[in-house]
Amino acid sequence: MKKPIIIIPGIQGTKLSNINKNDFDTIWSGIHKYFDNLYDLTLELDGETDKTKEVIIERQDVEDIAYSEIINFLKHKGYPIYIFGYDWRKSNIISGKKLYEFVRIIQKKHNISKINFITHSMGCLVFSGFFKQLSPKTEMQNIIEKVIFTVPPFQGSVEAMFNIIIGKSKLFNSSDDFRKIARTFPSIFELCPVYNDAISFNDSTTEFDLYNFEHWQQKNNLDDDTKEQFETRLNELKKVRCDNNLIFDFSKLSVELRKNMLVIAGIGDETQKQLKVNSKSKIVKNQFIFSKEDEDDNGDGTVHLKSAEVFKDYIKTVTVKSRWIEKRLDGRIITANWHSFFLNNGRVQNIIKRFLEIETFSLDTDWHTSVEGNTKII
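Residues numbered from 1 in each chain as written. Predicted model: local features only at pLDDT ≥ 70, side-chain atom pairs only at ≥ 80, totals over all residues. Heavy atoms only, no water.

What about the packing of helix H2 (residues 92-110) against helix H3 (residues 123-131)?
- Viewed as axis vectors pointing N to C, H2 and H3 meet at an angle of 70°, and their least axial separation amounts to 7 Å. If you check the angle between H2 and H3, you find them roughly perpendicular. Here H2 contributes Asn92, Ile93, Ser95, Gly96, Leu99, Tyr100 and Val103 to the contact with H3, which in turn contributes Leu125, Val126, Phe127, Gly129 and Phe130.
- Split into classes, the residues belonging to the contact of H2 with H3 amount to 8 nonpolar, 4 polar and no charged. (Axes fitted to C-alpha atoms, helices over the stretch in contact; angles between N-to-C directions. Helix = DSSP H or I, 4+ residues; strand = E, 2+ residues; numbered from the N terminus. Parallel < 35°, antiparallel > 145°, perpendicular 65-115°, else oblique. Contact = heavy atoms within 4.5 Å. Nonpolar A, V, L, I, M, F, W, Y, C, P; charged D, E, K, R; others polar.)

Regarding the sheet that holds strand S3 (residues 25-28)
- Judged by pairing direction, the sheet is antiparallel, and its 3 strands sit side by side in the order S3-S2-S4 without closing on themselves. Because the sheet does not close on itself, it has two edges, and the strands there are S3 and strand S4 (57-62). Averaged over all pairs of adjacent strands, the angle between strand axes in this sheet comes to 45°, irrespective of strand direction. (Pairing = 2+ DSSP bridges.)

Re unusual backbone geometry
- For Val151, which is not glycine, the phi torsion reads 35° and is therefore positive.
- By secondary structure assignment, the location of Val151 is in the loop between strand S7 (144-150) and helix H5 (158-165).
- Residue class for Val151 comes out buried when judged on its relative accessible area of 0%.
- The residue Asn245 is not glycine, and still its phi comes out positive at about 65°.
- Looking at where Asn245 falls in the secondary structure, it is placed in the loop between helix H8 (224-240) and helix H9 (255-258).
- Classification of Asn245 by relative accessible area gives partly exposed; the value is 28%. (Buried < 20%, exposed > 50% of the residue type's maximum accessible area, 1.4 Å probe, protein only.)

Let's talk about the side chain of Asn278
- By the secondary structure assignment, Asn278 is in strand S11 (residues 275-278).
- Each residue touching Asn278, except ones within four places of it in the same chain, is listed here: Asn202, Asp203, Asn286, Gln287 and Ile289.

Section: helix H1 (residues 64-76)
- The end-to-end C-alpha separation of H1 is 17 Å, in line with the 18 Å expected for 13 residues at 1.5 Å each.
- If you check which residues of H1 are buried, you get Ile65, Ala66, Tyr67, Ser68, Ile70, Ile71, Phe73 and Leu74.
- If you follow the buried residues of H1, they end up packed against strand S1 (5-8), S4, strand S5 (81-83), strand S6 (115-120) and helix H12 (346-357).
- Gly78 lies just past H1 and shows a positive phi near 100°. (Expected span 1.5 Å × (residues − 1).)

Digging into the pattern of salt bridges
- Enumeration over the complete set of coordinates arrives at 16 salt bridges.
- Across the pair Glu256 and Lys259 runs a salt bridge, and its minimum N-O distance is 3.4 Å.
- Accessibility expressed as a relative area gives 43% for Lys259, which makes it partly exposed.
- With its nearest N and O atoms 3.5 Å apart, the salt bridge here joins Glu357 to Lys353. With Glu357 and Lys353 both in helix H12 and 4 residues apart, this pair spans about one turn of that helix. (Salt bridge = Lys/Arg side-chain N within 4 Å of Asp/Glu carboxyl O.)

Some points on the packing of aromatic side chains
- In the structure shown here, the tally under the stated rule is 28 aromatic pairs.
- Ring centres of Phe127 and Phe250 lie 6.1 Å apart, and the angle between their planes is 20°; this geometry places the pair in the stacked category. Within this pair, whereas Phe127 is found in helix H3, its partner Phe250 is found in the loop between H8 and H9, the two being separated by 123 residues in sequence. Of the two residues, Phe127 and Phe250, neither departs from the other in class, the shared state being buried.
- Between Phe213 and Phe230, the ring centres sit 5.4 Å apart and the planes meet at 45°, which makes this aromatic pair tilted. Residue Phe213 is located in the loop between strand S8 (199-201) and H8, and its partner Phe230 is located in helix H8; the two are separated by 17 residues in the primary sequence. Side by side, Phe213 and Phe230 carry an identical accessibility label, which is buried.
- Taking NZ or CZ as reference, Lys146 lies 4.9 Å from the ring centre of Phe355, over its face. (Phe/Tyr/Trp six-rings, centres within 6.5 Å; stacked < 30°, edge-to-face > 60°. Lys NZ or Arg CZ within 6 Å of the ring centre and 35° of its normal.)

Here it is as structure tokens:
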């Protein structure tokens with residue numbers, strides 16, 4: 001019998017509901033976002049407690065449009081599939097701890113130790129938080145069969161900054177009101193870009209410090225509660241991203257473990273790779289400038305390759321280039337979003353299948369592809 005697979009969705013990939021209601025009122029769905037109770041998503045300063053009284057938010061089902069195809073594809077291949085939905089507002093460390101408990105359940109259910117994992121987008125950070133719970137060597141080797149990271153923001157995405165500052169981005173595609181709510185989520189801060197030159201001042205020699213609130217764009221008259229909230233989230237972020245600006249540094253794993261891991265990144269869509277900061281702006285302090293000049297097609301529209309391929313020297317990395325007609329079909333004609341519907345793509349599914357089933361998976365296999373450095377382009 002084939003080893004089970006745990007699928008870990010990305011941010012907003014799991015619907016959220018208020019379970020303190022007789023009808024389990026849906027608070028968030030990636031497809032239907034505009035609810036009159038959207039503010040019920042707001043978290044307290046601790047980053048864990050729902051702020052609104054008489055509201056207890058828990059995970060519901062995952063988004064069908066983004067994950068049903070990969071689930072059905074793998075089930076058809078004979079894999080037992082388990083979906084780890086989670087409250088994506090909270091820190092990936094908290095979700096990682098819950099994943100640890102979830103893994104124990106699956107191990108007992110199948111009376112096995114080793115499990116396959118497929119992560120999508122921020123799911124790679126949840127898996128990173130999970131790995132922090134494991135003791136070195138023995139426990140890691142006893143749990144991991146194979147791991148596939150798809151469109152992983154290992155070192156964040158500029159899109160997260162866009163959402164926090166402006167309120168609309170490809171991550172949430174939400175209303176402006178959501179900006180205030182998202183600032184209470186530890187997860188959105190953990191998605192901020194930390195790779196080299198991701199953020200820089202364009203009119204000074206000062207190096208931008210992501211963890212320093214004084215370097216962020218802000219109005220001159222900022223209330224104390226907002227400032228405390230921001231500073232708290234940044235201090236938490238600094239603690240979480242402690243290993244070379246990574247939640248977990250997979251490059252430090254043994255060769256034996258790393259050979260059972262694969263990264264599948266997306267390219268071909270214009271993606272913001274850098275954010276410039278104008279420290280001399282007369283409009284606001286440290287004005288963030290999101291410019292088309294700082295975009296290129298080395299990304300999936302949300303996550304730039306500089307973040308996704310950070311482990312390319314240690315983990316096999318495959319890069320799949322977008323095709324317009326595929327994006328439309330993968331998004332079921334609703335939207336051509338390469339990042340969100342990446343797992344619906346036939347080429348991606350074929351790579352996943354081959355990696356799971358081929359014992360000695362190699363990037364040198366003839367895939368009618370080209371190779372650039374350590375990255376295979378399909």
